[in-house]
Amino acid sequence: MASLTITPLTDHTGAEVTGIDFTEPVDGETRARLSAAFAERHVLVMRGQHFTPDQFKVAATIFGELQQHDKREHHVPGHPDVYYVSNDEIVNGKRIIPGESFHTDHSNHPRPPKATMLFAVELPSRGGDTQYVNMHAAYRDLPEATRHRIDGLKAVHVYFSKYSPRSLGHIDEESLRRVPPPGIHPLVRTHPENGRKALYLNPVRMESILGLEDTDALALIDALMQHATQKKYEYRHKWRPGDWVMWDNRSVMHQANADYDMSERRYLYRLMLKGEAPI
Ligand code: SIN
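Residues numbered from 1 in each chain as written. Predicted model: local features only at pLDDT ≥ 70, side-chain atom pairs only at ≥ 80, totals over all residues. Heavy atoms only, no water.

S.K.: Explain the pairing of strand S18 (residues 252–256) here, please?
M.R.: Looking down a regular strand, the side chains alternate between one sheet face and the other. Where burial is concerned, most of S18 is hidden: five out of the five residues are buried. Of the two faces of S18, the one carrying Val-252, His-254 and Ala-256 and the one carrying Met-253 and Gln-255 are both buried. Pairing of strand S10 (residues 130–134) with S18, which is carried by five bridges, proceeds in the antiparallel orientation. Residue pairing across strands places Tyr-132 opposite His-254, the latter belonging to S18. (Buried < 20%, exposed > 50% of the residue type's maximum accessible area, 1.4 Å probe, protein only. Helix = DSSP H or I, 4+ residues; strand = E, 2+ residues; numbered from the N terminus. Pairing = 2+ DSSP bridges.)

S.K.: Looking at this structure, how should I read the sheet that holds S18?
M.R.: Across a sheet, strands are paired by hydrogen bonds formed along the backbone, either parallel or antiparallel in direction. Spatially, the three strands line up as an open sheet ordered S16-S10-S18, and their pairing is antiparallel. Pairing within the sheet leaves two strands with one partner each, and these edge strands are strand S16 (234–237) and S18. Strand after strand, the sheet turns through a mean of 20 degrees between neighbouring axes, direction not considered. (Axes fitted to C-alpha atoms, helices over the stretch in contact; angles between N-to-C directions.)

S.K.: Is there a simple way to explain unusual backbone geometry in this structure?
M.R.: Residues other than glycine predominantly adopt negative phi, and peptide bonds predominantly adopt the trans conformation. For His-42, which is not glycine, the phi torsion reads 75 degrees and is therefore positive. In this fold, His-42 is placed in the loop between helix H1 (28–41) and strand S3 (43–46). Backbone geometry at Asn-92 places phi at a positive 50 degrees, although glycine is not the residue there. Residue position: Asn-92 is located in the loop between strand S7 (90–91) and strand S8 (94–95). With relative accessibility at 81%, the residue Asn-92 sits in the exposed group.

S.K.: Is there a simple way to explain helix H2 (residues 53–60) in this structure?
M.R.: All of the buried residues along H2 are Pro-53, Phe-56, Ala-59 and Ala-60. Across the axial projection of H2, the buried residues extend over an arc of 120 degrees, all falling on one side. (Arc of directions from axis to C-beta.)

S.K.: What exactly am I supposed to notice about the sheet that holds strand S11 (residues 154–157) here?
M.R.: One open sheet accounts for three strands, arranged S12-S11-S15; its pairing is antiparallel. Each end of this open sheet is capped by a strand with a single partner; those strands are strand S12 (183–186) and strand S15 (206–209). Each strand of the sheet is rotated relative to its neighbour by a mean of 30 degrees, with strand direction disregarded. Here S11 pairs with S15 via three bridges, running antiparallel. Along S15, the bridge assignment pairs His-157 with Met-206.

S.K.: Would you mind going over the site of the ligand with me for this structure?
M.R.: In the region of the ligand, the neighbouring residues are Val-85, Pro-98, Gly-99, His-103, Leu-118, Thr-130, Trp-247, His-254, Ala-256, Arg-266 and Arg-270. Between the ligand and the protein, one listed contact pairs an oxygen atom with a side-chain N or O atom of Thr-130 at 2.5 Å. Taking Arg-270, its side chain carries an N or O atom lying 2.7 Å from an oxygen atom of the ligand. (Near = heavy atom within 4 Å. Polar contact = N/O pair within 3.5 Å; in protein donor to acceptor, adjacent residues only side chain to side chain.)

S.K.: Any chance you could explain the pattern of salt bridges here in plain terms?
M.R.: Pairing between side chains of opposite charge can happen when the charged atoms of each approach one another. Summed over the entire model, instances satisfying the criterion amount to 20 salt bridges. Its salt-bridge partner being Lys-197, residue Asp-151 comes within 3.7 Å of it at the nearest N-O pair. Taken together, the positions of Asp-151 in the loop between helix H4 (144–150) and S11 and Lys-197 in strand S14 (residues 197–199) put the pair 46 residues apart, joining distant regions of the chain. Between Glu-174 and Arg-178 there is a salt bridge, and its shortest N-O distance comes to 2.9 Å. You can see Glu-174 and its partner Arg-178 sitting in helix H5 (residues 173–178), four residues apart, about one turn around the helix. Taking relative accessible area as the criterion, Glu-174 reaches 37% and is therefore assigned partly exposed. (Salt bridge = Lys/Arg side-chain N within 4 Å of Asp/Glu carboxyl O.)

Purely spatial values, then, with no claim about function.
As structure tokens, this is what we get:
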């Protein structure tokens, strides 16, 4: 087998990992290199993998402990703890593309997942990229007065925000009952491993900012989102068969793209890893 190589994909975000078959055991030194790269680069792209759902689960736990998704019913048949995203779901005549605007995952949880990962099972012949934006760099570049204004602010994140820019698709009643109470999180969080501050935003889940009128909160979120989603902060992942991509929800926002032929299927296994309360 070729040896491990880790190659940056932009000057700020993303690294490509080659030379490892993750269906084989991974030694301690390799794990440490991968974890360091993850804290530094925020998105890891592991090329050339071949996973069954069970193998994907085992590989994921190299990086942490699995966290259940809110939509528990959305799992791979026969594998209740391996989830998927696809372009198959149609609600009220409208196709649901999961993740189709910038967000961070499950921020409605008091302890949101530190990481999310996808493994490409079926891909369209073109398009369907995933975009990531670096929230450390976006925070760093804010004017000092803005950083000062937002540093102490906290937002309330709920499952169904009345201000969400998109529909979240169907969730069944049993899953909804198990959704935890809202997460109340700082707008600026410090990453526990790399020590850097990052903007922590999610227009899909944020319903209010404590101490602000909703109109002022929405205007602030909108301005911060416009700033944070500039191309200069982006790594855009173009999927290849066999890609396993893992991202750090504490460092990046991400979004899916619905720019492909919907008669083609896009289907990826999806797992998340437990995180901590943002501070
Ligand atoms: C997601 O938001 O997790 C989905 C991303 C994608 O399908 O590209």
